[in-house]
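The primary structure of each chain is shown beneath.
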Amino acid sequence: MTESLAPASSATGRFRRDGTPPGERGATRARRGVTFAAAVLAALAAGACGGRVVVDGFEPPDGTTDGVGGSTSAGAPDPTGPGPGGSGGAPPIPPLVEQDLGEVTAGVPVPVYIPPGTLGFTAIAQIMTSAPSFDPIGIEAITDPDSRTFVADYTIPGTLASFFNQGIGSAAVPQTGAAAAAPLVPGTYWITVGDGGFGAPAAPVRLSVWRRQTLDGRFHGGKLDINAFIAGDAVSEEYMQRALRTAYQGFVGLDVGNVTVHRLGPEWGFIDEEMLPIVLEQTAAARGRPALNVIAVSQFGGRFADAAGATPSAPSVAVEHGTHLSGIVVTLFEEPEVDTVILRHELGHFTGLFHTTEFQASFADPLDDTLRCSDVLGQLERCPDYDNIMFPTGGDLSGTMTRQQTAIVQASAVYRGIVEDGGGAAAPLPAGGPPSPARGAPAPADPGQAGQGAAITPGDGAWAASLPPRAATLLRGHFCGHSAVAGADFFALLRAVGGADEGRLLAIGRDPGAPVHARARALAAAGRAAAASAAAPPARVLAELQALAADPSLPRRARLGAIQGVAAASPTASRALAVRLAGDPDSVVRRMATRAAR
């Protein structure tokens, strides 16, 4: 199914407390959030008691509940059929229950009772404004019934997590090894909402808790609905559909349910850290809840340069569209084994997983059954967790997951659940209210897809023979936006492992036998290397990058890498290249050349 979205319009809404008027261009407003958003990498756990209870999207007409936050209402029939191995039928209890706590006060712990049979829960704190807010809000602390602290001061010790974000913050239990068991320990949990230390928000803050349950507290499967958003012609609809079904069918025991394709304008094809929250607002017209929104773009830039995927927080939000946490953003390479890893890795973040080990020494995920690497950059493919789907580079592409990682995804709110063996999945929830107005993308300045795949080795292919193995591994693997925002620079990593020779990088960029995304990264890195090698970049390197960028016989992805390389080597040459490519038949190439020339 395909939908066409109306053109994005400039947002109008309330005045920010700093006096910014409504209608201000979205990128400018987003830029003001970057100061604190640079620290936003993830989120953690929550729950709540009392308040309005919504079951599968419907309030019990008499307001009654079962006394433990559930409802006696039965789930609606599943329009997509039974779950894995099931015979279908409406769930006898709702798989997903929302408790709306209404307006809460920052800094005051809020209790929530979690009954037996709960796999996990997700807490969402949101600043209530007519348009998505850029003011910080998040989860300051979470404790369980035994007074164990899962989150303190917006983080989990030993991780790079910062549990606050722009206008909306989410957290989930489980996200740590201490809580990664099904069912959860029942009882009263305490959640404290906070502003991240940036000052109390001017507007009210609403807290809601979404609880996943089954009859016996064990996972029985479910259906993952997906809204796919394609920016311009970043990827074909046919490939997008195939890539999503390949990546997610059977993943952690889930089936793919409804997949709806939406179209975004080409102005959304380039995403950096300032544009990330704005493009996520474009999911406001998505259908179905819960659902995973996947936005496919042509290129990442800024701090996200060379990344293949970006997720705004771990976890993000699957039960509301159009917020700054409502999806993942990816660039797909049309190489099925790589794209599968990109999509699964980012879904891992979306549901609450961290990297098994970070590039930054001493930081890792808070799980008990994942292996850790003492020196990711130094060991890379020799790391004991290199086969794990959440290794920061995607590892060897084999996509291994541990029991606790799997339990965290299964406990999340991202799918329509099945509550018993042989049962059917719940129907999609109804819309959650009118979408917030989405901001339009700023116009660019006008210058004059088949399973997990086999594991690869660092030297896989003749193209890699001239590089140190670890450099080839970096070029070939996944580079995650979480690592970029945390301070990892792709070119700096490549240079540290001996992969910054511009001649070798250019050769890879020209090699039709090399993976297209490795070619693109190599050409972008060649420009960085040339800029760093002398006061004036070598004319030979710059001329070759310009020629490759203008060569219509090259794959688009490689041409985009060459455009990035020219921009890194010489802003003057980049502006000249944009003029040269103004008549190029590939609209994505034209637009990216214009962006790079700014």
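Quantities reported herein were computed from a predicted structural model and do not represent experimental measurements.

Peer 1: Outline the overall build of the protein chain, listing residues and values.
Peer 2: Helix and strand counts for the protein chain stand at 15 helices and 19 strands. Looking at the 598 residues of the protein chain, the share that counts as buried comes to 61%. When the accessible area of the protein chain is evaluated, it comes to approximately 19800 Å², of which 53% is carbon and sulfur surface.

Peer 1: Please set out the packing of aromatic side chains residue by residue, giving values where relevant.
Peer 2: In total, this model carries 7 aromatic pairs according to the counting rule given. Relative to Tyr189, the ring of Phe121 lies with its centre 5.2 Å away and its plane at 75°, an arrangement referred to as edge-to-face. Here Phe121 is found in strand β5 (residues 118–127), whereas its partner Tyr189 is found in strand β10 (residues 187–194), with 68 residues between them in sequence. The pair formed by Phe121 and Tyr189 is uniform in burial state, with each residue classed as buried. Sitting over the ring of Tyr415, Arg212 keeps its end group 3.7 Å from the ring centre.

Peer 1: Explain the environment of Thr572 to me, using residue names and the numbers behind them.
Peer 2: Mapped onto the fold, Thr572 is located in helix α14 (residues 571–580). Overall, Thr572 belongs to the exposed group, its relative accessible area being 54%. For the pair formed by Thr572 and Ala597, sequence separation is 25 residues and the distance between their alpha carbons is 8.1 Å.

Peer 1: Run through the pairing of β10, naming residues and quoting values.
Peer 2: Of all 8 residues in β10, 6 are buried; the element is thus mostly enclosed. Direction of pairing for strand β6 (residues 136–143) relative to β10: antiparallel, over a ladder of 5 bridges. Across the sheet, Ile142 pairs through a bridge with Ile191, a residue of β10.

Peer 1: Lay out the side chain of Asp255 in plain terms, naming residues and giving numbers.
Peer 2: Relative to the helices and strands, Asp255 resides in strand β13 (residues 254–264). No salt bridge is formed by the buried Asp255. Its closest oppositely charged neighbour is Lys223, at 4.1 Å. Polar side-chain contacts of Asp255 include one of 2.7 Å to the side chain of Gln249.

Peer 1: Explain the nonpolar core to me, and be specific about the residues and the numbers.
Peer 2: One finds Val329 and Leu475 to be the most contacted residues of the largest nonpolar core, which totals 76 residues. The greatest single-element share of this core, amounting to 7 residues, is contributed by helix α11 (residues 516–533). Apart from residues no more than four positions distant in its own chain, Leu475 is found in contact with Trp463, Leu467, Phe490, Leu494, Leu505, Ile508, His517, Ala518, Arg521 and Ala522.

Peer 1: Could you give me a rundown of the environment of Ala425, with the residues and numbers involved?
Peer 2: If you trace the backbone, Ala425 turns up in the loop between β19 (416–417) and α7 (469–476). Among the residues examined, Ala425 registers a relative accessible area of 0% and is labelled buried. Considering only alpha carbons, one finds Ala425 and Gly221, 204 residues apart in sequence, at a separation of 8.0 Å.

Peer 1: Could you give an account of the packing of helix α13 (residues 556–569) against α14, naming the residues involved and the relevant values?
Peer 2: The angle between the axes and the distance between the axes are what describe a pair of packed helices. Interhelical geometry of α13 versus α14 gives an angle of 140° and a closest axis separation of 5 Å. In this view, α13 runs oblique relative to α14, as classed from their interaxial angle. For the pair α13 and α14, the sense of crossing is left-handed. Where α13 approaches α14, its residues Ile563, Val566, Ala567 and Ala569 are matched on the opposing element by Pro571, Ala573, Ser574 and Leu577. In terms of residue class, the contact of α13 with α14 is made up of 7 nonpolar, 1 polar and no charged.

Peer 1: Help me get a handle on the packing of helix α2 (residues 237–248) against helix α4 (residues 336–351), residues and values and all.
Peer 2: Orientation of α2 relative to α4, taken along the N-to-C sense of each, is 65°, at an axis distance of 9 Å. By the criterion of interaxial angle, the relationship of α2 to α4 is roughly perpendicular. Crossing of α2 against α4: the hand is right-handed. Contacts between α2 and α4 pair Tyr239, Ala243, Leu244, Thr246, Ala247 and Tyr248 from the former with Pro336, Asp339, Thr340, Leu343, Arg344 and Leu347 from the latter. Its residues placed into classes, the contact of α2 with α4 shows 8 nonpolar, 2 polar and 2 charged.

Peer 1: Please give an account of the pattern of salt bridges that cites residues and values.
Peer 2: Evaluation of the coordinates by the stated rule reveals 14 salt bridges. Between Arg206 and Glu98 there is a salt bridge whose closest N-O contact spans 2.8 Å. Highlighted residues: Arg206 in strand β11 (residues 205–213) and Glu98 in strand β3 (residues 96–104), separated in sequence by 108 residues. Each member of the pair, Arg206 as well as Glu98, carries the same accessibility label: buried. A salt bridge links Asp144 to Arg148; the shortest N-O distance between them is 2.7 Å. By sharing partners, the salt bridges in this structure join Glu98, Asp100 and Arg206 into a single network.

Peer 1: Break down helix α6 (residues 403–410) for me, with residues and values.
Peer 2: Every α-helix carries 3.6 residues per turn, so stepping three or four residues along brings you back to the same face. For α6, a buried count of 7 out of 8 residues is recorded, marking the element as mostly surrounded by other parts of the structure. Residues of α6 that are buried in the fold lie against β5, β11 and α4.

Peer 1: Can you lay out the confidence of the model for the protein chain for me, pointing to particular residues and giving the numbers?
Peer 2: In this model, the protein chain carries an average pLDDT of 80, and 79% of its residues clear a pLDDT of 70 or more. Overall, residues 1–87 carries pLDDT values under 50, and its contacts beyond four positions in sequence, including any with other chains, amount to 260 contacts. Counting contacts from residues 442–459, a segment whose pLDDT is below 50, to residues more than four positions away or on other chains yields 52 contacts.

Peer 1: An account of the state of the cysteines is requested, with residue identities and associated values reported.
Peer 2: By the definition in use, this model includes 1 disulfide. There is a disulfide in this structure between Cys373 and Cys383, and the S-S distance comes to 2.0 Å. In this structure, the disulfide formed by Cys373 and Cys383 twists by about -60° around the S-S bond and is classed as left-handed. One end of the pair, Cys373, is in the loop between α4 and α5 (376–379); the other, Cys383, is in the loop between α5 and α6, with 10 residues separating them in the sequence. Here Cys373 falls in the buried class, since its relative accessible area comes to 8%.

Calculation criteria
Residues numbered from 1 in each chain as written. Predicted model: local features only at pLDDT ≥ 70, side-chain atom pairs only at ≥ 80, totals over all residues. Heavy atoms only, no water. Helix = DSSP H or I, 4+ residues; strand = E, 2+ residues; numbered from the N terminus. Buried < 20%, exposed > 50% of the residue type's maximum accessible area, 1.4 Å probe, protein only. Areas by Shrake-Rupley, 256 points an atom, 1.4 Å probe, with all protein chains shown as cover. Phe/Tyr/Trp six-rings, centres within 6.5 Å; stacked < 30°, edge-to-face > 60°. Lys NZ or Arg CZ within 6 Å of the ring centre and 35° of its normal. Pairing = 2+ DSSP bridges. Lys, Arg positive; Asp, Glu negative; His and termini not counted. Salt bridge = Lys/Arg side-chain N within 4 Å of Asp/Glu carboxyl O. Polar contact = N/O pair within 3.5 Å; in protein donor to acceptor, adjacent residues only side chain to side chain. Core = buried A, V, L, I, M, F, W, Y, C linked by side-chain atoms within 4.5 Å. Contact = heavy atoms within 4.5 Å. Axes fitted to C-alpha atoms, helices over the stretch in contact; angles between N-to-C directions. Parallel < 35°, antiparallel > 145°, perpendicular 65-115°, else oblique. Left-handed = near helix turned anticlockwise from the far one by under 90°. Nonpolar A, V, L, I, M, F, W, Y, C, P; charged D, E, K, R; others polar. pLDDT = per-residue confidence, 0-100. Disulfide = S-S within 2.5 Å.

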